[in-house]
Amino acid sequence: MRALAQARDVLIRWREEPVSFVREALGAEPQAWQAEALNALSSDRRVSVKSGHGVGKSTVDSWALLWFMTTRFPAKCPCTAPTLAQLRDILWAELGHWHGEMKKLHPVLANQFSIQSSQQDLRFVLTAAPTESFAVGRAGRKENPEALQGFHAENLLFVIDEATGVDNIIFEVAGGALSGDNTYLLLTSNPTRVSGYFYDTHTKLRERFHCMTVSCFDSPMVSPRYIEDAKVAYGQDSNIYRVRVLGEWPTADDDAVIPLNLLEDAIKREVEPINHMPIWGLDVARFGNCRTALAKRQGNRLMAPIQSWSHRDTMQVAGLVMHEYENTPSNELPSEILVDSVGLGAGVVDRLRELGVPVRGINVGETPSGKDRFTNLKAELWWKTREWLEDRGMRFRSGRTSRVGAAANAAGRSAAEDVGIGRGVGTQRTGQALIGGQ
Ligand SMILES: Nc1ncnc2c1ncn2[C@@H]1O[C@H](COP(=O)(O)OP(=O)(O)OP(=O)(O)O)[C@@H](O)[C@H]1O
Ligand SMILES: [Mg+2]
């Protein structure tokens, strides 16, 4: 009996002290910002954290879930992120990890809970009352508008990871439940998009949230090497550096040709493959720091990360492409290699034709098909790339934003000004390489 009373006292104490819960039940030491977020969740109930990459957001989400489920009954915790795969691979993986740690320290308590997942959703439940006390993870996609809808409970915690990529319809449909007096709400994200609900929580809804910005400099979880690499690759003034390192909103997003979030979303999403013949797009760098880029596309997806090279002359570029061509399995060979033939590209087209590969020069200075909308073909191709990304029907192959992002920041502005479609962040080399054959 005494042991039971002691256990109850501990649970009562943890209920108001999430940081003690993390230390004592999970054996982890929260970073200062994580402790602030947990305490704010406990006292203010609404917390929105924007940050650089890898500072420990999903970890704090999983801790909040375990804390809430352990110290309240019945507790319901609807969770979402842009895709189910992200929820499974990140948030539920963290949940599983820390639940495992809890089993080492408090096996009796931890064994009251179990992970129970199906194809449609992910679950972490109180095993004795799985329909009364549970956390459920559902994809925050527009095809799934009810992801956060219809939950009623005395103790309700919404956890939204990668919140900037969650479709706004999810928040609209959840509506009133999110702002209920007894509701707890934790949003975490890289701040890639200056619109949508997550952005609102830091701007017009700011009064109602405990808002935090966490830079990679604030977190010992992020290696100084990552920060240094980002600085060198993109520059301290770049949007990538602002978003991925400093945790700040990107600038000039509204009038960008291709906003950063469209690129990042395209990397994360899953699409049904469309099986066209592969096509390669080649954009030949003209000078200086520009890089020559080669994109291999099949239907709506990139077959490999975009390759790029710097400081290569016409003959070397032709040689590199030829080498790629010769080393490609016959069932993956492109039906055409489309090359931006303005400037140095023309020489590459000639040489590749001589070598016998199916090459076609695209003169982006030519008249666009939509004459009334665009000043030239280059502008039209840029805009098509944007529309294609907006349609959400295509996917970049790599998990790294780096190549695309580097090009976006380095070349986008001047390219967009150049073609007369407004200032912005776009991908001159990558954009042109990608659109080839559309
Ligand atoms: N206080 C902590 N103690 C121990 N490990 C931690 C702590 N905080 C975070 N971690 C670990 O650091 C790694 C990165 O954390 P996490 O994935 O939560 O970062 P993130 O901010 O969500 O990253 P991203 O920006 O990619 O979404 C994970 O392996 C996680 O387990
Ligand atoms: Mg995360």
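Parameters at a glance
Residues numbered from 1 in each chain as written. Chains lettered and ligands numbered in written order. Predicted model: local features only at pLDDT ≥ 70, side-chain atom pairs only at ≥ 80, totals over all residues. Helix = DSSP H or I, 4+ residues; strand = E, 2+ residues; numbered from the N terminus. Buried ≥ 20, exposed ≤ 12 C-beta atoms within 10 Å, placed from the backbone. Contact = placed C-beta atoms within 7 Å. Expected span 1.5 Å × (residues − 1). Near = placed C-beta within 6 Å. Nonpolar A, V, L, I, M, F, W, Y, C, P; charged D, E, K, R; others polar. Pairing = 2+ DSSP bridges. Axes fitted to C-alpha atoms, helices over the stretch in contact; angles between N-to-C directions. Right-handed = clockwise from strand over helix to strand, strands pointing away.

Another point: the overall build of the chain. A tally of regular secondary structure across the chain gives 17 helices and 14 strands. In the chain, buried positions account for 46% of the 438 residues. Within the chain, counting contacts between residues at least 6 apart in sequence, those at least 24 apart form 66% of the total.

What follows covers helix H4 (residues 57–71). The periodicity of an α-helix, 3.6 residues per turn, causes residues three or four places apart in sequence to face the same way. With 15 residues, H4 extends 21 Å from end C-alpha to end C-alpha; this agrees with the ideal 21 Å at 1.5 Å per step. For H4, a buried count of 15 out of 15 residues is recorded, marking the element as mostly surrounded by other parts of the structure.

The next point concerns the environment of Ser223. Within the element layout of this structure, Ser223 appears in the loop between strand E8 (210–214) and helix H10 (224–234). C-beta crowding within 10 Å serves as the criterion here: with 11 such atoms nearby, Ser223 is assigned to the exposed category. Residues Ser223 and Val55, spaced 168 residues apart in sequence, show a C-alpha to C-alpha distance of 9.8 Å.

The local shell around ligand 1 holds 15 residues, among which His53, Gly56, Lys57, Ser58 and Thr59 are the closest. Ranked by residue count, the leading element in the shell around ligand 1 is H4, at three residues. Its residues placed into classes, the shell around ligand 1 shows four nonpolar, nine polar and two charged.

Spatially, E3-E4-E5-E2-E6-E7-E1-E8 is the arrangement adopted by the eight strands of the open sheet, whose pairing is mixed. A single partner strand is all that each edge strand has here, and the edge strands are strand E3 (113–115) and E8. Strand-to-strand twist across the sheet, computed as the mean angle between neighbouring axes with direction ignored, equals 10°. Here six bridges tie strand E2 (residues 75–81) to strand E5 (residues 134–139), and the two strands are oriented parallel to one another. Across the sheet, the residue bridging to Thr80 is Arg138, located in E5.

When a strand is regular, its side chains alternate between the sheet's two faces. Of all five residues making up strand E13 (residues 336–340), four are buried, and the element is well covered by its neighbours. Here E13 runs beside strand E14 (residues 359–362); their pairing, made up of four bridges, is parallel. Residue pairing in the sheet places Val339 in a bridge with Gly361 of E14. For the handedness criterion, the β-α-β arrangement of E13, helix H14 (residues 345–355) and E14 is classed as right-handed.

Taking 1.5 Å of rise per residue, 13 residues should cover 18 Å, and helix H3 (residues 32–44) covers 17 Å from first to last C-alpha, within 8% of that figure. Taken as a whole, H3 has its buried residues at Trp33, Gln34, Ala37, Leu38, Ala40, Leu41 and Ser42. Where the residues of H3 are buried, they touch helix H1 (2–16), helix H2 (18–26), strand E1 (46–51), H4, strand E7 (183–189) and E8. Of the residues trailing H3, Arg45 is marked for its positive phi of about 75°.

With respect to burial, E1 is a largely interior element, six of its six residues being buried. Burial along E1 is two-sided: the face carrying Arg46, Ser48 and Lys50 and the face carrying Val47, Val49 and Ser51 are both buried. Note: E1 against E7, five bridges, orientation parallel. Each residue of the ladder has a partner; that of Arg46, found in E7, is Leu185.

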